[in-house]
Amino acid sequence: MTWDTVASILIGGALTGLVYSLMALGLSVIFGVIRVVNFAHGEMMTLAMFAGVFLFTGGGLDPILSLPIVAGTLFILGYALQRRLVEPFIARPEHEQFILLLAVAILLVNGLLLAFGPDARSVTVDYAFDSFELGPIFIDKVKAYAAGVGVLVAAGLLMFFRYTRTGKAIRACSDNLMGAQVVGLNIRRLYALTFGLGVACVGAAGCLLSLLVDVTPMLGPELTLLAFVIVIIGGLGSMMGALLGGIVVGLSEALAGLLIVPSMKSMFSFGLLILILAFRPQGLFGKRT
Amino acid sequence: MLTVEGLELYYGDAKALDGVSVAVEDGEIVAIVGANGAGKSSLIRAIAGIETPAAGTVRFDGEDITGWPSYRVCDRGIGQVAEGRQIFPNMTVRENLEMGAVIPRGRARCDETVEDVFAMFPRLREREGQAAGTLSGGEQQMLAIGRCLMGQPKLIMFDEPSLGLAPALVAEVFETIRTLNAAGTTVILVEQNVAMSLRMARHAYVLENGRIVLSGLAEDLLDDDGVRQAYLGL
Ligand SMILES: Nc1ncnc2c1ncn2[C@@H]1O[C@H](COP(=O)(O)OP(=O)(O)OP(=O)(O)O)[C@@H](O)[C@H]1O
Ligand SMILES: [Mg+2]
């Protein structure tokens, strides 16, 4: 194998990783603010991927174009889920939150199975097999587009938290909850917005991933684990950590495919997770506590 | 302006407030004194809507606000400088101030009020872009007061604003409270520094184990033998 091929594969891995980053960012935002772990994260991702597939096959919409629709719908779902279901569990023990979200995950997987069956579905856009050529290096067009849009969405979210009044208010809640009550922030509304935004990230990421990967309902649990691995590698609650962690995992999957066999890719990611937990338990970007 | 009647508050089974009644008139300073654990902060949090009372009423400007969530109470004009300051340590000084003006009541005059606060506490202007957690204790207290002012409160509840400050800064904090009061803000003052707060206040209440055991004109309480022994060490 030539170095050009290796470089192409690694770049492809990093680009796919950026889509993972966006998914993990959603998990990180929810946990960082509400301190609830969304155990249905990957299942929500598959829901979004199915939406991407069906808006493509049914409506002829490129997943990049259907992304705002899917992300917007998932935002509303996330907002309602927090308001109706998760909110009463915030003050309850973590294992009860775990069971609640696990129930949501199981409902999603089985709902998708009922609706669409176990078969793999995919999106084949007309540029699916095109690539950009940088000298001897080939970069898949779909991966480049998906990663580019993923970065844009992530940047938009970071700007929202940095510059808007509502974004700052959400940061204030995660910084000092008592302080947020003292100044009269509407915490329940801000939490619902946060959950909505986190799930919207998943919606966007799911649309983009539907360009790259076949989707089945059973993909959900695998993606949930993947999001956890990324967030733990990057550092719990850190947005930059989630972004970097996604790239690291994308690269490691590509390397696994290159060095061993593609089906061993999760073994590689988990190996990486164990290494990082052993040598830097707070993750790459996490703060030591 | 503010009338609290028969307020009861529980933490689980533990009773923290047991039928507390307090009246605050427009434009005055009311001192609330009591030993550690007497329930002073609980009273403030119950008025602010951060804790929900089990019984009793809170009326503000003629309106029953009992059990309202804190964002609605704040928006009616009850601000607080909380125990332990409760600033946002990882946000900048300016962002902390902006958070005080998120309630609708504060939004319109946000930028002007930031300027007013900086004029009042010039050290905050110098540290505008710095993370609030890196400020000194005194600066954090200034920030907590400034942040409260951002919401244009009619009534400010101060919970031990001088705690942990050097004597010069304590004087500055009391001076600030006096200035705000002179400008028309009504004040509830909870203080370790009982002598100083009784000298500033018109009315005062003594809280013991969640009950009001004594109340009246602050100057009378200053002369009361029980108060002098228990709180002034005389
Ligand atoms: N969040 C809480 N959960 C459980 N118990 C609490 C809580 N806050 C206060 N208490 C209890 O309620 C009682 C009153 O506490 P509170 O903080 O109101 O007293 P305080 O007069 O403000 O005391 P201090 O002078 O120490 O600030 C105490 O016995 C305290 O232990
Ligand atoms: Mg207290």
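The structure contained in this document is the topic of the report that follows. (Residues numbered from 1 in each chain as written. Chains lettered and ligands numbered in written order. Predicted model: local features only at pLDDT ≥ 70, side-chain atom pairs only at ≥ 80, totals over all residues. Heavy atoms only, no water.)

Looking now at the overall build of chain A. When its secondary structure is counted, chain A shows 11 helices and two strands. Here chain A has a C-alpha radius of gyration of 19 Å; the compact-globule value for 289 residues is 19 Å, and the two agree. Oriented by its inertia axes, the alpha-carbon framework of chain A measures out at about 60 × 45 × 35 Å. Buried positions account for 51% of the 289 residues belonging to chain A. When contacts within chain A are restricted to residue pairs at least 6 apart in sequence, those whose partners lie at least 24 apart make up 76%. Total accessible area on chain A stands at roughly 12,900 Å², and carbon and sulfur atoms take up 69% of it. (Helix = DSSP H or I, 4+ residues; strand = E, 2+ residues; numbered from the N terminus. Rg over C-alpha atoms; globule rule 2.2 N^0.38 Å. Buried < 20%, exposed > 50% of the residue type's maximum accessible area, 1.4 Å probe, protein only. Contact = heavy atoms within 4.5 Å. Areas by Shrake-Rupley, 256 points an atom, 1.4 Å probe, with all protein chains shown as cover.)

Right, let's talk about the overall build of chain B for a bit. On a plain count of helices and strands, chain B comes out with 11 helices and 10 strands. For chain B, the C-alpha radius of gyration of 17 Å lies close to 17 Å, the compact-globule estimate for 234 residues. Dimensions of chain B along its principal axes, counting C-alpha atoms only, are 45 × 40 × 35 Å. Every one of the 234 residues in chain B was classed for burial, and the buried ones make up 53%. In chain B, the proportion of contacts linking residues at least 24 apart, taken out of those at least 6 apart, comes to 66%. Split by element, the accessible area of chain B, about 9,600 Å² in all, is 46% carbon and sulfur. Computed over 21 positive and 33 negative side-chain charges, the inter-centroid distance for chain B is 3 Å. (Lys, Arg positive; Asp, Glu negative; His and termini not counted. Charge placed at Lys NZ, Arg CZ, Asp CG, Glu CD.)

What follows deals with the coordination of the magnesium ion (ligand 2). Under ideal tetrahedral coordination, the four donors around a metal are separated by 109.5 degrees; under ideal octahedral coordination, the six donors are separated by 90 or 180 degrees. All names here are of chain B. Around the magnesium ion (ligand 2), the protein supplies Ser41 (OG) and Glu83 (OE) as donor atoms, at distances of 1.9 to 2.3 Å. Taken together, the positions of Ser41 in helix α1 (residues 40-48) and Glu83 in the loop between β6 (78-81) and α3 (93-100) put the pair 42 residues apart, joining distant regions of the chain. Take Ser41: its relative accessible area is 11%, and that puts it in the buried class. (Donors = N, O, S within 2.8 Å, 3.2 Å for Na, K, Ca; no water.)

Looking now at the layout of surface pockets. Residue and element names in this part refer to chain A. The calculated volume of the largest pocket comes to roughly 1,100 Å³. In this structure, the largest pocket is lined by 32 residues; those nearest its centre are Ser174, Gly237, Ser238, Met239 and Lys287. Secondary structure elements with two or more residues in the lining of the largest pocket: α1 (3-34), α5 (141-163), α6 (165-175) and α10 (239-259). Of all the elements, α1 adds the most residues to the lining of the largest pocket, at five residues. (1 Å grid on protein atoms, 1.4 Å probe; cavity = no way out; pocket = protein on both sides within 12 Å on 5 of 7 lines; lining within 4 Å. Points joined across faces, edges and corners; volume = space filled by probe spheres on them.)

Our next topic: the sheet that holds strand β9 (residues 203-208) of chain B. Residues and elements named next belong to chain B. Taken in spatial order, the six strands of this open sheet run β6-β7-β8-β3-β9-β10, and their pairing is mixed. With one partner strand each, in any of the chains shown, β6 and β10 (211-217) form the two edges of the open sheet. Strand after strand, the sheet turns through a mean of 15° between neighbouring axes, direction not considered. (Pairing = 2+ DSSP bridges. Axes fitted to C-alpha atoms, helices over the stretch in contact; angles between N-to-C directions.)

This part is about empty space enclosed by the protein. Residue and element names in this part refer to chain B. The full count for this structure, using the stated rule, is three cavities of 30 Å³ or more. Quantified by volume, the largest cavity comes out at close to 100 Å³. Contributions of two or more residues to the lining of the largest cavity are made by β6 and α7 (137-149). For the lining of the largest cavity, the element with the most residues is β6, which contributes three residues. Put simply, the second largest cavity is a space of about 40 Å³. In this structure, the second largest cavity is lined by Ala46, Ile47, Gly49, Glu51, Pro53, Val58, Ile65, Thr66, Gly67, Trp68 and Val73.

Residue and element names in this part refer to chain A. For the pair helix α2 (residues 41-59) and helix α3 (residues 63-86), the least separation of the axes is 10 Å and the interaxial angle reads 140°. Put simply, α2 runs oblique to α3. As for how α2 packs across α3, the hand of that crossing is right-handed. Two secondary-structure elements touch here, α2 through Met44, Leu47, Ala48, Ala51, Gly52, Leu55 and Phe56 and α3 through Pro63, Ser66, Val70, Leu74, Leu77 and Leu81. The residue inventory of the contact of α2 with α3, partitioned by class, reads 11 nonpolar, two polar and no charged. (Parallel < 35°, antiparallel > 145°, perpendicular 65-115°, else oblique. Left-handed = near helix turned anticlockwise from the far one by under 90°. Nonpolar A, V, L, I, M, F, W, Y, C, P; charged D, E, K, R; others polar.)

Time to look at the packing of helix α9 (residues 219-234) of chain A against α10 of chain A. Residue and element names in this part refer to chain A. Between α9 and α10, whose axes approach to 7 Å, the crossing angle comes to 120°. In this structure, the crossing between α9 and α10 has a hand that is right-handed. Every residue of α10 that contacts α9 at Leu226, Val229, Ile230, Ile233 and Gly234 is listed here: Gly241, Ala242, Gly245, Gly246, Val249 and Glu253. The residue inventory of the contact of α9 with α10, partitioned by class, reads six nonpolar, four polar and one charged.

Residues and elements named next belong to chain B. Overall, antiparallel pairing links the four strands, which are arranged β2-β1-β4-β5 in an open sheet. Every interior strand has two partners, whereas the edge strands, β2 (14-24) and β5 (63-64), have only one. The strands touched by α1 within the sheet are β1 (2-11), β2 and β4 (55-60), with β1 carrying the most contacts at an inclination of about 110°.

Moving on to the environment of Val73 of chain B. Residue and element names in this part refer to chain B. Considering the arrangement of structural elements, one finds Val73 in helix α2 (residues 70-76). Along the sequence, Val73 and Gly49 sit 24 residues apart, while their C-alpha atoms lie 6.5 Å from each other. Apart from the residues lying within four places of it in its own chain, the contact partners of Val73 are Ile47, Ala48, Gly49, Ile65, Trp68 and Ile78.

Attention now goes to the pairing of β1 of chain B. Put simply, side chains in a regular strand alternate between the two faces of the sheet. All names here are of chain B. Bridging between β1 and β2 involves eight bridges; their strand directions are antiparallel. What sits directly across from Val4, in β2, is Val22. Hairpin connection, β1 to β2: the antiparallel pair is bridged by two residues, and Gly12 has positive phi, about 60°. Examined bridge by bridge, β1 and β4 share five bridges and lie antiparallel to one another. Across the sheet, Leu2 pairs through a bridge with Phe60, a residue of β4.

Shape descriptors only; they carry no functional weight alone.
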